[in-house]
Amino acid sequence: MVLIERLRARQWRLSAQRRVIAEVLSGPSLHLTAEEVTQRARAALPEISVATVYNTLNELVGMGELREIDGIGRLRRYDPNTVQPHHHLVCVGCDRILDVFPEEDFAGALEPSERHGFEVHRADVLFSGRCPGCREG
C-alpha cells in the first residue's frame, strides 16, 4: 500500500498541502530529500512553503509512515516504504539509492552474545558501491 493510501486508512487529515506531499512520496524505491519533495510539491501546488514540507515530513516520520535515512549520500532522505522490510544499495558516485530485498533476515543474524542484551526489531543494512553509470564515467 502506498503512502497516500496508508494515510487515508489512518484517517489522517489530508489538507491540499499534505495530500500533495504524500502524492510526491508515493512511488517505487523513492528516497527524496526535503528539497526534492519541495520542488515536486511546488510543481503541483506552487504556494506550498518549505516550512510546511519540513513540518509534514517530520510528522510523517513521527507517525512511522516515513523513514528518515541519514548518512546515505550527502543529504538526509525520506523513504516512504515502511511496510516491506528492505535494505539500501547506494552509489557513492551519484548518490542513487535503490531498495533491495535480500532473502536473509539480518535482524536475526546476530548471535545472542553479540546483542548485548538488546531485543533486535530491525536491521538497517547499507550496501555501497558504484553504479554502472559511475563506473563507466
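Nothing here was measured: the structure is a model prediction, and the numbers come from that model.

How each quantity is defined
Residues numbered from 1 in each chain as written. Predicted model: local features only at pLDDT ≥ 70, side-chain atom pairs only at ≥ 80, totals over all residues. Heavy atoms only, no water. Helix = DSSP H or I, 4+ residues; strand = E, 2+ residues; numbered from the N terminus. Contact = heavy atoms within 4.5 Å. Core = buried A, V, L, I, M, F, W, Y, C linked by side-chain atoms within 4.5 Å. Buried < 20%, exposed > 50% of the residue type's maximum accessible area, 1.4 Å probe, protein only. Patch = residues over 30% accessible without salt bridge, like charges linked within 9 Å, V, L, I, M, F, W, Y side chains within 5 Å. Areas by Shrake-Rupley, 256 points an atom, 1.4 Å probe, with all protein chains shown as cover. Salt bridge = Lys/Arg side-chain N within 4 Å of Asp/Glu carboxyl O. Lys, Arg positive; Asp, Glu negative; His and termini not counted. Polar contact = N/O pair within 3.5 Å; in protein donor to acceptor, adjacent residues only side chain to side chain. 1 Å grid on protein atoms, 1.4 Å probe; cavity = no way out; pocket = protein on both sides within 12 Å on 5 of 7 lines; lining within 4 Å. Points joined across faces, edges and corners; volume = space filled by probe spheres on them. Nonpolar A, V, L, I, M, F, W, Y, C, P; charged D, E, K, R; others polar.

> Would you explain the environment of L89 in this entry?
Along the polypeptide, L89 turns up in strand β3 (residues 87–91). Distance in space between the C-alpha atoms of L89 and E119 is 26 Å, their sequence separation being 30 residues. Those residues in contact with L89 that sit more than four places away from it in its chain are R96, I97, L98, V100 and F127.

> So what exactly am I meant to see when it comes to the nonpolar core here?
The nonpolar side chains of a soluble globular protein tend to be buried, and buried together. The biggest cluster of nonpolar side chains holds 21 residues, and the ones touching the most others in it are L3, L25, V37, L57 and L66. For this core, the secondary-structure elements that each account for two or more residues are α1 (3–9), α2 (16–24), α3 (34–44) and α4 (50–63). With residues up to four places along the chain from it excluded, the contact list for L3 reads A22, L25, S26, L60, E65, L66 and P80.

> Whenever I open this one, a nonpolar patch on the surface confuses me. Can you help?
A contiguous nonpolar patch, built from L89, L98 and F127 and spanning about 220 Å² of accessible area, is present on the exposed surface. Of the residues examined, L89 reaches a relative accessible area of 37% and is grouped as partly exposed.

> Would you mind going over the side chain of D99 with me for this structure?
In this fold, D99 is placed in strand β4 (residues 97–100). In this structure D99 is buried but unpaired, with R67 as the nearest side chain of opposite charge at 7.2 Å. At 2.7 Å, the side chain of D99 and the side chain of H31 are in polar contact. A distance of 3.3 Å separates the side chain of D99 from the side chain of H86, its partner in a polar contact. Each residue touching D99, except ones within four places of it in the same chain, is listed here: S29, H31, D79, N81, H86, H87 and H88.

> Quick question: what am I supposed to make of unusual backbone geometry here?
Among all residues except glycine, the phi angle is most often negative; among peptide bonds, the trans geometry is most common. One non-glycine residue with positive phi stands out, namely Q11, at about 60°. Structurally, the position occupied by Q11 is in the loop between α1 and α2. Positive phi is not limited to glycine here, since D95 has a value of about 70°. Note that D95 resides in the loop between β3 and β4. Residue D95 is classed as buried on the basis of its relative accessible area of 11%.

> Explanation requested: the layout of surface pockets in the structure shown.
Empty space left among the atoms is revealed by rolling a probe the size of a water molecule over them. Within this model, the second largest pocket holds a volume of roughly 180 Å³. If you trace the second largest pocket, you find 16 residues lining it, with M1, R6, G27, P80 and N81 closest to the centre. A per-class count over the lining of the second largest pocket returns nine nonpolar, five polar and two charged.

Purely geometric numbers; function is a separate question.
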